[in-house]
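# Observations on chain architecture
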Amino acid sequence: MRDHSSLPHRATARRPTWQDLPDGVRAAVESRAGARVLRAHTQDAGFTEGFASRLELADGTRVFVKAASASRGEHAHAAYRHEAHVARLLPPTVPAPRFLWTCDVDDWVVLAFEDVESVTPQRPWVADELAAVLAALTRTAQALTPAPEALLPLDTTADLDPELSFWRRCAAGEADRALVPAPWRHRVEELAAIESGWAQAAAGDTAVHFDLRDDNVLLAADGRVLVCDWNWLQLAAPWVDLVGLLVSVHGDGLDAEQVLATHPLSRDVARASVDAFLVALAGYFVDAAGRPPVETSPWLRVHQAWYREAALGWLATRLSADVETGRSAPSPG
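Bear in mind that the values here come from a model prediction, so they are computed numbers and not experimental data. (Residues numbered from 1 in each chain as written. Predicted model: local features only at pLDDT ≥ 70, side-chain atom pairs only at ≥ 80, totals over all residues. Heavy atoms only, no water.)

## Side note on the pairing of strand 5 (residues 108–114)
Basically, it comes down to this: Per-residue accessibility, obtained with a 1.4 Å probe over protein chains only, is compared with the maximum for each type, and a residue is labelled buried under 20%, exposed over 50%, and partly exposed between these values. Secondary structure elements are defined from DSSP: runs of H or I of at least 4 residues count as helices, runs of E of at least 2 residues count as strands, and each element is numbered from the N terminus. Here, strands pair whenever DSSP counts at least two bridges between them.
Along strand 5, 7 of the 7 residues are buried, which leaves the element largely enclosed by surrounding structure. Of the strand pairs in this sheet, strand 3 (residues 62–69) and strand 5 are connected by 7 bridges, and their pairing is antiparallel. Following the sheet pairing, valine 63 is matched in strand 5 by glutamate 114. By the bridge criterion, 6 bridges tie strand 4 (residues 99–105) to strand 5 in an arrangement that is antiparallel. Paired with tryptophan 101 across the strands is alanine 112, a residue of strand 5. Here strand 4 folds back onto strand 5 in antiparallel fashion, the turn holding 2 residues, of which aspartate 106 has a positive phi close to 55°.

## A few points about the pattern of salt bridges
To keep things clear, this is the line we draw: What makes a salt bridge here is a side-chain nitrogen of Lys or Arg within 4 Å of a carboxyl oxygen of Asp or Glu, nothing more.
What the rule picks out here adds up to 24 salt bridges. We note a salt bridge from aspartate 287 to arginine 291, for which the minimum N-O separation is 3.3 Å. A relative accessible area of 35% means that arginine 291 is categorised as partly exposed. Each of Arg54, Arg62, Asp115 and Glu117 takes part in one network of salt bridges that share partners.

## Observations concerning the packing of helix 8 (residues 240–251) against helix 10 (residues 271–289)
Heads up, the condition is: Note on method: axes are straight lines fitted to C-alpha atoms, helices fitted across the in-contact stretch only, with angles between N-to-C directions ranging 0 to 180 degrees. Each angle receives one of four descriptions, namely roughly parallel if under 35 degrees, roughly antiparallel if over 145, roughly perpendicular if within 65 to 115, and oblique otherwise. Handedness of each helix crossing follows the sense of rotation of the near helix against the far helix: counterclockwise by less than a right angle gives left-handed, clockwise gives right-handed. Whether two residues are in contact is decided by their heavy atoms: any pair within 4.5 Å suffices. Gly is put with the polar residues, along with every residue not named as nonpolar or charged; the nonpolar set is Ala, Val, Leu, Ile, Met, Phe, Trp, Tyr, Cys and Pro, and the charged set is Asp, Glu, Lys and Arg.
Contact geometry of helix 8 with helix 10 gives a least axis separation of 11 Å together with a crossing angle of 55°. Classified by the angle between their axes, helix 8 and helix 10 sit oblique to one another. In the crossing of helix 8 with helix 10, the sense of the turn from one axis to the other is right-handed. Here Val240, Val243, Gly244 and Val247 of helix 8 lie close against helix 10, whose contacting residues are Val274, Phe277, Leu278 and Leu281. Taken together, the residues of the contact of helix 8 with helix 10 sort by class into 7 nonpolar, 1 polar and no charged.

## Details of unusual backbone geometry
For the bond from arginine 123 to proline 124, the omega torsion is 0°, close enough to zero to count as cis. Mapped onto the elements of the fold, proline 124 is located in the loop between strand 6 (118–119) and helix 3 (127–143). Following threonine 145, the chain continues into proline 146 via a peptide bond in cis, with omega recorded as -10°. Counting through the fold element by element, proline 146 comes out in the loop between helix 3 and helix 4 (157–160). With phi around 60°, aspartate 229 is a residue other than glycine that occupies positive phi space. Following the sequence through the fold, aspartate 229 ends up in the loop between strand 9 (225–227) and strand 10 (234–236).

Rendered as structure tokens:
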């Protein structure tokens, strides 16, 4: 199990508070919500710098509101605008918080959801919560396969391939090989070859979340499992979100391979397809963890470095297993 002591899962991004918002934005929120805001509880989980708070209203109701400004240079502005578009169109069978409304105030985008009494899953993962999330992934894939017409067009894995091309760029001298952990540097060309097939291996007609982590999952008090933050929606194979989630499962010391072998989304998927996508993910985290720190999200690079080690650790295990059956070269020492 990897050390979580330096990873504050409930305290990541530095977000503006309710009082930090411009008067016009606060007035628009209260107008759309239909009541004055009495209390605001800033949500710390996640990595974007946008406003995200649970608001208690004077009429006794609550609403979850997100907001971001374009002029402040916030990455969250584009992400929130796209999230509002997707959330409005998600089928009701998708286990997600109910979208309420969105509005623009000057250069701010504001979106509101039902406020769900909930927590995010514990980390390290615990068995019962993981089982509930895995079941929710099956329901989500069923609801989004094929992708509903209302959500189309969507980017495909081919469109995303340039973002997941670190090993190929590294092999071509276009990325810094020094970012690669030492045991893997002599394997760059091999990993580049495997990575080159990920987009085809992971292609499909399912609308997938493509950023599924524990902080994007809500365990509701009424027993529901809800997936939030739908701003990376892509067309891909239905098992893609499962493999992405299992990186943290392996990193936490649980048996990701057993899940892959038994889960309905992955049990019939070719091993080479999973390997190709996992290699691409590992390369992404190697690259991302080496980028400069982000002032508004001071723990982002720390988390990405943890995921780098978790992804490479799982990949080493899988390649070692392949060696035993003669399917691949030895894993790094």
